[in-house]
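Take a look at the letters that make up each chain.
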Amino acid sequence: MGKRQRELHFGLMFWAGGTHPSGWRMPGSHAAAAFDIEFLQQVTQIAERAKFDFLFLGDRLASDPSLQTTNPSQMSRLEPFVSGASLAAATSHIGIVVTANPTYYDPYNVARLFASLDHLSEGRASWNLVTGADAIAAANFSRDAHWDTEQRYDWADEFVAATKSLWDSWDDEVRPAGHHGRFFDIEGPLTVRRPPQGHPVILHAGTSDRSRELGARDADVIFAGQPTIESARAYYDDIKSRAAKYGRGPDEIAILPGLTPIVAPTTEEAVAIYDQLNSFIALDPEGEASGEKHYGALGRGARLRNLGSVSDVIGVDVRGASIDEPVPQRVFDAANADGQRVFASITRLTRRTVGGDKPITYRDLILGITGMGAVVVGNPEEIADYIEHWFTEKAADGFNIFPAYVPDAVSAFADLVVPLLQQRGIYRRDYSGPTFRDHLGLEVPANTLVKHADAAE
């Protein structure tokens, strides 16, 4: 496959209620979306019409009551391989990413599941490889404790090698996988023919050194989460340079940060949607002890939504203020560096300023310190400009889109932003082929067992 012009890649993170804590409360949201496969198929079809690379099905191996206050749809969901198979039947081109945690799986099972899905989808299966940060999962698998980072990555490194050997145990002839390592002793062959893609596309996320090394060696797509374009560029360069020592070119790994775009025909309308989402968020009583509730995208991170937390973050005691009154200039001037960053973020998202015609309120501050990751709010041109800037600066090869609410935020991005990016010549107008590897411009990997057998003759 010849070298082609660099183009954006997009994935769609499917959370049934949306990725904003109040996405499930927006008009048009579907209360039972997590268990409505027709709804999931419809959302995936919207992404496919917009030529997205993939639909992402996350997974957790434990539930958590704290998710009630962040993302209720994450407390319970369908098993992702089952959902992924149904998406294969309802679509024809979009990649289907399924999460499987090697810490609690076996290589033979993973190899068989993904090979089967790759055949059913005719080459669109993808493995989101996570080692798992949910310590509570251990209790669901008869374990006394969740492994530490080093143990999880030692296991994962060999797990991937064993899984690839099983995928390679079929070709023109069937041969044993013959993986004999520190953790796994697997003879094979697999009971499923080699996948159409050779190896299903592998996705990975993480910032630790072990995670970066695994991604540089084995991943085809990496999810990133750096908060600034400068830190994102540094991460991008680090991964691409690490990949070189494994004989991989920079175009063989796509780095996709997460992004929540809130877009409407005008900036004012987009800000109104952002404010509407935030208006549904319940604040915590003042004086409540810290650590009793957990906020964050997955229910992690102890920071209460009240003025006590604001005071701790910005370095100015604002307890006792009325949450809907404007923040005075003296508070802004006295805020520490973290506080200044919070004010700047609020202005970027709401276009409100301290002392301006549209003033920042204490409620804005409360919500600003419990932000939900990378968010951009604006009209289609503003969203497209943001995406193009990160892309041309090589801070990203595209984005994993986190829709704040579903399905309307997905449709808005597809209808309003995608055409602009296509007009600018940085996003595909059609798929270049039927498989996920085609979307990424990747060759089918050589069968390593065949190569080794040929070398031995």
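Keep in mind the model is a prediction, meaning the values are calculated, not measured.

1. Some words on the overall build of the chain
Item 1. In terms of regular secondary structure, the chain is built from 15 helices and 11 strands.
Item 2. A buried classification covers 54% of the 457 residues belonging to the chain.
Item 3. Taking as baseline every contact in the chain between residues at least 6 positions apart, the subset at least 24 positions apart corresponds to 74%.
Item 4. Carbon together with sulfur atoms contributes 51% to the accessible area of the chain, which is approximately 19200 Å² in total.
Item 5. The positive charge centre, built from 43 side chains, and the negative charge centre, built from 61, are 2 Å apart in the chain.

2. Re helix α1 (residues 37-49)
Item 1. End to end, α1 covers 18 Å across 13 residues, agreeing with the expected 18 Å (1.5 Å per residue, within 8%).
Item 2. Of all the positions in α1, only Phe39, Leu40, Gln41, Val43, Thr44, Ile46, Ala47 and Glu48 are classed as buried.
Item 3. Considering only its buried residues, α1 is in contact with β1 (9-13), β2 (54-57), α2 (80-90) and α13 (408-423).
Item 4. Of the residues one or two after α1, Lys51 is the one with positive phi, at around 65 degrees.

3. A short note on the pattern of salt bridges
Item 1. As enumerated under the stated definition, the model contains 30 salt bridges in all.
Item 2. Where Arg351 meets Glu382, a salt bridge forms, and the shortest distance between an N and an O atom there is 3.3 Å. Linking Arg351 in the loop between α10 (337-350) and α11 (362-369) with Glu382 in helix α12 (residues 380-392), this pair joins segments that are 31 residues apart in sequence.
Item 3. With a relative accessible area of 31%, Arg351 lands in the partly exposed category.

4. Observations concerning the pairing of β2
Item 1. Burial along β2 is two-sided: the face carrying Phe54 and Phe56 and the face carrying Leu55 and Leu57 are both buried.
Item 2. Two strands pair when backbone bridges link them, and β1 and β2 are joined in this way by three bridges, in the parallel orientation. Along β2, the bridge assignment pairs Gly11 with Phe54.
Item 3. Handedness of the β1-α1-β2 crossover: right-handed.

5. Topic: helix α5 (residues 209-218)
Item 1. Burial analysis of α5 places eight of its 10 residues in the buried class, the great majority of the element.
Item 2. The complete set of buried residues in α5 reads Arg210, Ser211, Arg212, Glu213, Leu214, Gly215, Ala216 and Asp218.
Item 3. As for α5, its buried residues are in contact with β4 (125-129), α4 (149-167), β7 (201-205), β8 (221-224) and α6 (229-244).

6. Remarks on the nonpolar core
Item 1. One finds Phe10, Phe14, Phe52, Trp127, Ile387, Phe413 and Leu421 to be the most contacted residues of the largest nonpolar core, which totals 73 residues.
Item 2. Not counting the four nearest positions on each side in its chain, Phe14 is found in contact with Phe39, Leu40, Val43, Leu55, Phe56, Leu57 and Val406.
Item 3. In terms of nonpolar packing, the next biggest core, distinct from the first, is built from 18 residues, Val310, Val318, Ile346 and Tyr362 among them.

7. What about the packing of α1 against α2?
Item 1. Put simply, α1 and α2 touch, their axes get as near as 10 Å, and they point 55 degrees apart. Classified by the interaxial angle, the pair formed by α1 and α2 is oblique. The two elements α1 and α2 meet at a crossing, and its hand is right-handed. Each of Ile37, Leu40, Gln41, Thr44 and Gln45 in α1 lies in contact with α2, whose residues at this interface are Ser83, Ser86, Leu87 and Ala90.
Item 2. A class-by-class count of the residues in the contact of α1 with α2 yields four nonpolar, five polar and no charged.

8. As for the packing of helix α8 (residues 307-314) against α11
A pair of packed helices is characterised by two quantities: the angle between their axes and the separation of those axes.
Item 1. Remark: α8 packs on α11, axes separated minimally by 9 Å, with the N-to-C direction vectors making an angle of 70 degrees. When the interaxial angle is binned, α8 and α11 end up roughly perpendicular. On α11, the residues that touch Leu307, Ser309, Val310, Val313 and Ile314 of α8 are Tyr362, Leu365, Ile366 and Ile369.
Item 2. Its residues assigned to classes, the contact of α8 with α11 shows eight nonpolar, one polar and no charged.

9. A look at the environment of Gly206
Item 1. With respect to the helices, strands and loops of the structure, Gly206 is situated in the loop between β7 and α5.
Item 2. Classification of Gly206 by relative accessible area gives partly exposed; the value is 23%.
Item 3. Along the sequence, Gly206 and Val342 sit 136 residues apart, while their C-alpha atoms lie 24 Å from each other.
Item 4. Each residue touching Gly206, except ones within four places of it in the same chain, is listed here: Ser211, Phe223 and Tyr235.

10. Thoughts on the environment of Pro328
Item 1. Here Pro328 shows up in the loop between α8 and α9 (329-334).
Item 2. It is 42 Å that separates the C-alpha atoms of Pro328 and Leu8, two residues lying 320 residues apart in sequence.
Item 3. Leaving out residues up to four positions away in the same chain, Pro328 has contacts with Val354 and Tyr362.

11. A short note on the packing of aromatic side chains
Item 1. On inspection of all chains with the given rule, the structure shows 23 aromatic pairs.
Item 2. Plain terms: the ring middles of Tyr386 and Trp390 are 5.7 Å apart, the flat faces sit at 25 degrees to each other, and that makes the pair stacked. Here Tyr386 pairs with Trp390, and both are found in helix α12, just four residues apart, close to one helical turn.
Item 3. Note on Trp390: relative accessible area 7%, which makes it buried.
Item 4. Members of the aromatic cluster, joined through ring pairs, are Phe81, Phe114, Trp127, Trp147, Trp155, Phe159, Trp167, Phe183 and Phe184.
Item 5. The ring of Phe391 is capped by Arg6, whose NZ or CZ atom sits 3.8 Å from the centre of that ring.
Item 6. Between Arg143 and the ring centre of Trp147, over which it is positioned, the NZ or CZ distance is 4.3 Å.

Criteria and cut-off values
- Residue positions are given per chain, counting from 1 as you read along its sequence in written order.
- With pLDDT at 70 or above as the cut-off, local features in this predicted model cover only qualifying residues; side-chain atom pairs require 80 or more to be listed or tallied, and sums for whole chains, interfaces and linings still use all residues.
- Hydrogens and water are ignored here; the side-chain numbers use all heavy atoms of the structure.
- A run of H or I in DSSP counts as a helix once it spans at least four residues, and a run of E counts as a strand once it spans at least two, with each numbered from the N terminus.
- Here's how the labels work: a residue is buried when its accessible area is under 20% of the maximum for its type, exposed when over 50%, partly exposed in between, all with a 1.4 Å probe on protein chains only.
- Residue contacts are counted whenever heavy atoms from the two residues lie within 4.5 Å of one another.
- Reported accessibility uses the Shrake-Rupley method at a 1.4 Å probe radius. Residues are deemed covered only where the shown protein chains occlude them.
- Note that His is not counted, nor are the chain ends; the positive residues are Lys and Arg, and the negative ones are Asp and Glu.
- A charged residue contributes its charge at one atom only: NZ of Lys, CZ of Arg, CG of Asp or CD of Glu.
- To estimate how far a helix should extend, the number of its residues minus one is multiplied by 1.5 Å.
- Definition used for salt bridges: Asp or Glu carboxyl oxygen within 4 Å of a side-chain nitrogen of Lys or Arg.
- Strands qualify as paired when DSSP identifies two bridges or more between them.
- Crossovers are marked right-handed if the path from the first strand over the helix to the second runs clockwise, as seen with the strands pointing away from the viewer.
- Here, nonpolar core refers to any group of buried Ala, Val, Leu, Ile, Met, Phe, Trp, Tyr and Cys residues whose side-chain atoms link them within 4.5 Å.
- Each axis is a line fitted through C-alpha atoms, taken for helices only over the stretch in contact, and angles between the N-to-C directions span 0 to 180 degrees.
- For classification, angles of less than 35 degrees are called roughly parallel, those exceeding 145 degrees roughly antiparallel, those between 65 and 115 degrees roughly perpendicular, and all remaining angles oblique.
- Handedness of a helix crossing follows the sense of rotation of the near helix relative to the far helix, less than a right angle counterclockwise being left-handed and clockwise being right-handed.
- Side-chain classes follow a simple rule in which Ala, Val, Leu, Ile, Met, Phe, Trp, Tyr, Cys and Pro form the nonpolar group, Asp, Glu, Lys and Arg form the charged group, and the remainder, Gly included, forms the polar group.
- Aromatic pairing here means that ring centres of Phe, Tyr or Trp (its six-membered ring) are within 6.5 Å. Orientation follows from the plane angle: under 30 degrees is stacked, over 60 is edge-to-face, and everything else is tilted.
- By definition, being over a ring means that NZ of Lys or CZ of Arg is both within 6 Å of the ring centre and within 35 degrees of the ring normal.

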